[in-house]
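Chain and residue survey
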Amino acid sequence: MARTYVELVEEDGVVGPDDERRPGLVDVVRRHPRRAAVTAAAVVVVAATAVLAQVVVDAREQAWLARLADVPGVLRPVDLPLRTLYVAEGDAASAVQGGVRAGDLLVGGTYRPVQSAPHVVAVDRRTGEVAWDVPVDLPPAADPEPVVQGGGPDPSANAWCSEVGGAPPRVACVVSRTYGWQMSEEGYGHELATRGLVVLDATDGTVLSRRDEPLGAGIVAGRDGYWVTTVDDDRAGVEVVARAFDGSERWSTHVDTSAIPEQQTPYVLHDEERTVLDVGTQAWVLGPDGSAVAELARGGLNGGMTLVPGGVLVESYTSEGMPDGAVIWRDDGTTVDLGDDRQLYLTVDDGSRPDAFFLTAGDTGPLVRRDWSGKELWRADVTVGSTAVLLDGTLVAVGGDRLAAVDADTGAVRWRTDMPRPADQVFTDGRVLLVLSGRVVRAYGVDDGTLQWSAALVEDGRSTVLERTATDAPTTDPGAVGTGGYDEGWWFVTTDGHLAFSSATEPSGIVVLG
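Figured I'd write up the structure that's included with this text. (Residues numbered from 1 in each chain as written. Predicted model: local features only at pLDDT ≥ 70, side-chain atom pairs only at ≥ 80, totals over all residues. Heavy atoms only, no water.)

A word on the nonpolar core
- Ranked by internal contacts, the top residues of the largest apolar core, which has 19 residues, are Phe-427, Leu-434, Leu-466, Trp-491 and Leu-499.
- When contributions to this core are tallied by element, the ones reaching two or more residues are β33 (432–437), β34 (440–445), β35 (451–460), β37 (489–493), β38 (499–503) and β39 (510–513).
- Sequence-distant contacts of Trp-491, that is, excluding residues within four places in its chain, are made with Gln-425, Phe-427, Leu-436, Gly-438, Arg-439, Val-441, Leu-457, Leu-466, Leu-499, Ala-500, Phe-501 and Leu-513. (Core = buried A, V, L, I, M, F, W, Y, C linked by side-chain atoms within 4.5 Å. Buried < 20%, exposed > 50% of the residue type's maximum accessible area, 1.4 Å probe, protein only. Helix = DSSP H or I, 4+ residues; strand = E, 2+ residues; numbered from the N terminus. Contact = heavy atoms within 4.5 Å.)

Examining the sheet that holds strand β25 (residues 356–361)
- Within the open sheet, the four strands sit side by side as β23-β25-β26-β27. Their pairing is antiparallel. What marks the edges here is a single partner per strand, and that holds for β23 (341–343) and β27 (376–380). Strand-to-strand twist across the sheet, computed as the mean angle between neighbouring axes with direction ignored, equals 30°. (Pairing = 2+ DSSP bridges. Axes fitted to C-alpha atoms, helices over the stretch in contact; angles between N-to-C directions.)

A closer look at the layout of surface pockets
- A volume near 710 Å³ is recorded for the largest pocket.
- For the largest pocket, the lining is made up of 32 residues, of which Pro-72, Gly-73, Val-74, Val-493 and Thr-494 are closest to its centre.
- The set of elements that each furnish at least two residues to the lining of the largest pocket consists of α2 (33–68), α3 (91–98), β24 (345–349), β32 (425–428) and β37.
- By residue number, the principal contributor to the lining of the largest pocket is β24, which donates five residues.
- Split into classes, the residues belonging to the lining of the largest pocket amount to 16 nonpolar, 10 polar and six charged.
- The calculated volume of the second largest pocket comes to roughly 570 Å³.
- Forming the boundary of the second largest pocket are 24 residues, of which Trp-160, Glu-191, Arg-195, Ile-219 and Tyr-267 lie nearest the centre.
- Elements with a contribution of two residues or more to the lining of the second largest pocket: β7 (156–164), β8 (170–183), β9 (189–201), β11 (218–221) and β15 (267–270).
- When residues of the lining of the second largest pocket are assigned to their parent elements, the largest contribution, five residues, is made by β8. (1 Å grid on protein atoms, 1.4 Å probe; cavity = no way out; pocket = protein on both sides within 12 Å on 5 of 7 lines; lining within 4 Å. Points joined across faces, edges and corners; volume = space filled by probe spheres on them. Nonpolar A, V, L, I, M, F, W, Y, C, P; charged D, E, K, R; others polar.)

Observations regarding the pairing of β11
- Note that β11 and strand β12 (residues 226–231) share four bridges and pair antiparallel. Looking at β12, one finds that Gly-218 is bridged to Thr-229.
- Hairpin connection from β11 to β12: four residues lie between these consecutive antiparallel strands.

Overview of the environment of Ile-328
- On the secondary structure map, Ile-328 appears in strand β21 (residues 323–330).
- The sequence separation of Ile-328 and Glu-315 amounts to 13 residues, and the corresponding C-alpha distance is 8.8 Å.
- Filtering out sequence-adjacent residues up to four positions away, Ile-328 remains in contact with Val-308, Val-312, Leu-313, Thr-334, Thr-335, Val-336, Leu-338, Phe-357, Trp-372 and Gly-374.

Below, the structure written as structure tokens:
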């Protein structure tokens, strides 16, 4: 029988119906070496491009965060969970909440009963431990100490500190023992208080200089000196003395006034170019030698004053604390009426729009931008609470249950975000916007306002933790406490960029997170 020889030829990539084997990577490379090489090269290029793109994005973010690091009010990067760094109680809490940063320390004054000496306290900003505590024993206003009936704050011994330029790190603290107001038979009110100015080496609390001022004198400290104001006995004039921190006199002047209102303390506002004396119903611009250059007749407005370029912003409030008009008194003597607009407080201002300022019309908006001459630039239909942040030309405001971003140049609304519940505090670390209400924190994207995460402040054994919640409604989470609002407590940013919470219901001090 003849044999027949058959040659089976299998084309590349063809698998017989009975052959269930699939070509592996080795087979493909063996059969198509050139195609495999090209594919591998393409994969490497795509991966390298992705890595390079991420490196560029990361570098830009790091550069952006580095630029914001020195902006007051900006948080350190917030990455959950945030755990308790330390709990500051008593005098340490005063330094953490109201102190100034000096190297590795937070330095601030205390608030104590008037019979006590004012204290200046330094806290290690990494551990919360008290580094030093210096009492400043001011003499009492009289012997025996007076009991004063009248308006004003409760009798107290307190200190307020500010940073002083130069080395070593120094702080200047206004220390006082304030008893209240003593009314005379003529109806004039006299503040009964003793005050002094003390300069300390911030590293160890060594007192470098000290000067006690006359009974009833007011003191305002700046970065390179301070001002002392003393009201005449008939309240028809004020003496102002400018001093260096070593106590030496720079200049002194006397300004005749109309009768200064009862329970009104003269105040000095200052910047690098101007000094303004405010006595409540009148104000004066003082020259470099202290002489009165111009009088700002305030037209019945009696409220807060703020120095602005080329003038003074005067805001008036009702006895209930509601806005009641505002004006800009220009250095050239002209006046700009701002109506019901009031200046908006920015928790963060990165300086990207220094040629104008922002206001709210009424209590909740709309949002307004004006230049420093008082000219209105735009109005935006945005609900505004008590705070906002300015980042790279974008103003983000929170009000009611809505968060909104506005182009600072045009007033155009870039985005709006509805929130689950009302809030009026907003902070930022440059990457997200933190909206805070009670013990609940929500993070929204800076660019588009999308919700990134929700978190609640909870107790974890002996520690307090800000941790992400299982849902975007933290009040439904078993670990969340309370329903929000200032009746639970309030948040703030320490001067070294940490998020901190002060409870209104528990005497646990201030919890600093990190």
